[in-house]
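Close look at the chain arrangement
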Amino acid sequence: MTTFQAPKGTYDLIPPESATYLAVREAISAPLQRAGYGYIETPGFESVELFSRGVGESTDIVTKEMYTLTTKGGDELALRPEGTASVLRAALENNLHRVGNLPVKLWYSGSYYRYERPQAGRYRHFSQVGAEAIGAEDPALDAELIILAVDAYRSLGLRDFRLLLNSLGDKECRPVYRAALQDFLRGLELDEDTRARIEINPLRVLDDKREAVQKQLAGAPMMRDHLCEACKAYHEQVRDLLSAAGVAYEDDPKLVRGLDYYTRTTFEFVHDGLGSQSAVGGGGRYDGLSEMIGGPALPSVGWALGVDRTVLALKAEGVELELPSATQVFAVPLGEEARRALFGVVTELRRAGVATDFAYGGKGLKNAMKSANRSGARYALVAGERDLAEGVVQLKDLETGEQSPVALDRIVEELRAKAR
Ligand code: HAM
């Protein structure tokens, strides 16, 4: 019979490593929750058109990487390649922007799908935690989001990450810059694909990884020299606020993101231990996206951090998260009567908030104690018929090896105190 494997570019999250993923998601969302961001969950798929209009018709994500499908009813859907367009769609549809109180601040956590060439750190199914602040143009909001991401990375114990910062201008100054860049690029010796890109998405050419291309790009006009006064002032304020918060950044005038909706502030977090897929997170301002998907003008800013790559970054730095042991107490019954009595104690302990597991399957003492040790529990509860007759259970400290009888009717209280 055939056995099945996870599809190419995907992997299973399994214990014990999966606990690290959960902890990373929690660590990223905790600062957001402390800053007034509310949780939002949107469907795993959306209309294809939301992404082609939102993320951009000429981006790799839309032209090459979307998982699209036609439903039996004839709807054209795509598995979501990113979260921003969906979250904004949901905010508009649910009138969150009308209930007053802009910006609408939302965070999310979930799976995203891109048909990319799989390699270390790049998957076809990956996981992001993201945040979007919708409906306000305020440099403090850009700074807030960046600071919250930095605080999240720091709370995990990461150190070798860097923040790259740029401004992509707005609808006043970007078209002028775009034309200037196109003029420059048209004069270079470039292959056909790249020439085509000059006409559709010239800023992406700056991002070309090939050395021969990068050499020719010396002297290319840069957005930062073409920013209008308003964009320049805005960017200065973001930078000042970051510095005041003790957040170091590197100006990267060539930072162009792979999604078309960005305006003004753009940023990426890169980790130096990850090789070529070094971006652990990224984001920026997207003042025009709402109008691009049929909404009112709602200047907004957000980011998404990659959970898979953050876990890889932790590994690269050798950071071990201090995860609470999944099991604190492990109960080992010897005999049928003890099984019933101890199972009752296990249920009570769990209800009292003590993480407890049980030796299922009628194992002998030796095997059951092995399971107890493997579970990571600090304490084992062992009871046989003689213990029960005396109204006690044996409480064994698996760290010190000490064992002593405790009255059955006191055991929950005693373990609750110890587990605290
Ligand atoms: P993005 O830069 O495409 O931005 O993705 C954000 C992060 O998701 C990346 O920095 C990376 O860590 C992770 N990521 C992306 N693709 C993959 C992949 N194939 N495998 C593993 N990890 C991956 C966005 O998605 C924007 N929606 C961010 C944003 C929110 N901008 C404004 N608001």
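Residues numbered from 1 in each chain as written. Predicted model: local features only at pLDDT ≥ 70, side-chain atom pairs only at ≥ 80, totals over all residues. Heavy atoms only, no water.

1. Section: the state of the cysteines
Following the criterion strictly, the structure yields 0 disulfides and no others. Left unpaired, Cys228 is separated from the closest cysteine sulfur, that of Cys231, by 3.6 Å. Judged by its relative accessible area of 1%, Cys231 falls in the buried class. (Disulfide = S-S within 2.5 Å. Buried < 20%, exposed > 50% of the residue type's maximum accessible area, 1.4 Å probe, protein only.)

2. Structural notes on the layout of surface pockets
Put simply, the second largest pocket is a space of about 650 Å³. Around the second largest pocket sit 30 residues that line it, and Arg174, Asp260, Tyr261, Tyr262 and Thr263 are the ones nearest its centre. Secondary structure elements with two or more residues in the lining of the second largest pocket: helix H6 (173-186), helix H8 (202-205), strand S9 (263-271) and helix H11 (289-292). In terms of residue class, the lining of the second largest pocket is built from 12 nonpolar, 5 polar and 13 charged. (1 Å grid on protein atoms, 1.4 Å probe; cavity = no way out; pocket = protein on both sides within 12 Å on 5 of 7 lines; lining within 4 Å. Points joined across faces, edges and corners; volume = space filled by probe spheres on them. Helix = DSSP H or I, 4+ residues; strand = E, 2+ residues; numbered from the N terminus. Nonpolar A, V, L, I, M, F, W, Y, C, P; charged D, E, K, R; others polar.)

3. Comments concerning empty space enclosed by the protein
According to the stated counting rule, one finds 1 cavity of 30 Å³ or more in the structure shown. One number sums up the size of the largest cavity: a volume of about 50 Å³. Forming the walls of the largest cavity are Tyr39, Ile40, Glu41, Thr42, Arg80, Val87, Tyr108, Ser109, Gly110 and Tyr112. With 4 residues, strand S5 (residues 104-113) is the largest single contributor of residues to the lining of the largest cavity.

4. Quick look at the side chain of Asp308
Tracing the sequence through the fold places Asp308 in helix H12 (residues 307-317). We note that Asp308 is buried and unpaired, the nearest opposite charge coming from Arg25 at a distance of 6.9 Å. Excluding residues within four positions of it along the chain, Asp308 makes contact with Tyr11, Tyr21, Tyr123, Phe126 and Ser127. (Lys, Arg positive; Asp, Glu negative; His and termini not counted. Salt bridge = Lys/Arg side-chain N within 4 Å of Asp/Glu carboxyl O. Contact = heavy atoms within 4.5 Å.)

5. Looking at the packing of aromatic side chains
Inspection of the entire model under this criterion finds 13 aromatic pairs. For the pair Tyr112 and Phe126, a centre-to-centre distance of 6.4 Å together with 40° between the ring planes defines the contact as tilted. With a gap of 14 residues between them, Tyr112 in strand S5 and Phe126 in strand S6 (residues 125-134) connect regions that are remote in the sequence. Grouping residues by exposure puts Tyr112 and Phe126 together as buried. Relative to Phe358, the ring of Phe343 has its centre 5.5 Å away and its plane inclined at 70°; by these criteria the two rings are edge-to-face. You can see Phe343 sitting in helix H13 (residues 336-351) and its partner Phe358 sitting in strand S13 (residues 356-358), a full 15 residues away along the chain. By the ring-pair criterion, three or more aromatic residues cluster together here, those being Tyr153, Phe161, Phe267 and Phe269. A cation over a ring is seen here: Arg264 above Tyr234, with NZ or CZ 4.7 Å from the ring centre. (Phe/Tyr/Trp six-rings, centres within 6.5 Å; stacked < 30°, edge-to-face > 60°. Lys NZ or Arg CZ within 6 Å of the ring centre and 35° of its normal.)

6. Looking at the sheet that holds S9
The 8 strands lie next to each other as S1-S5-S6-S11-S10-S9-S7-S8, forming an open sheet whose pairing is mixed. Only two strands of the sheet have a single neighbouring strand rather than two, namely strand S1 (38-39) and strand S8 (250-251). Summarising the sheet, S5 and S6 pair through 10 bridges and their orientation is antiparallel. For Ser111, the partnering residue across the bridge sits in S6 and is Ser127. Along the sheet, helix H5 (residues 139-155) contacts S5, S6, strand S7 (161-167), S9, strand S10 (279-285) and strand S11 (300-306); its crossing angle with S11, the most-contacted strand, is approximately 15°. (Pairing = 2+ DSSP bridges. Axes fitted to C-alpha atoms, helices over the stretch in contact; angles between N-to-C directions.)

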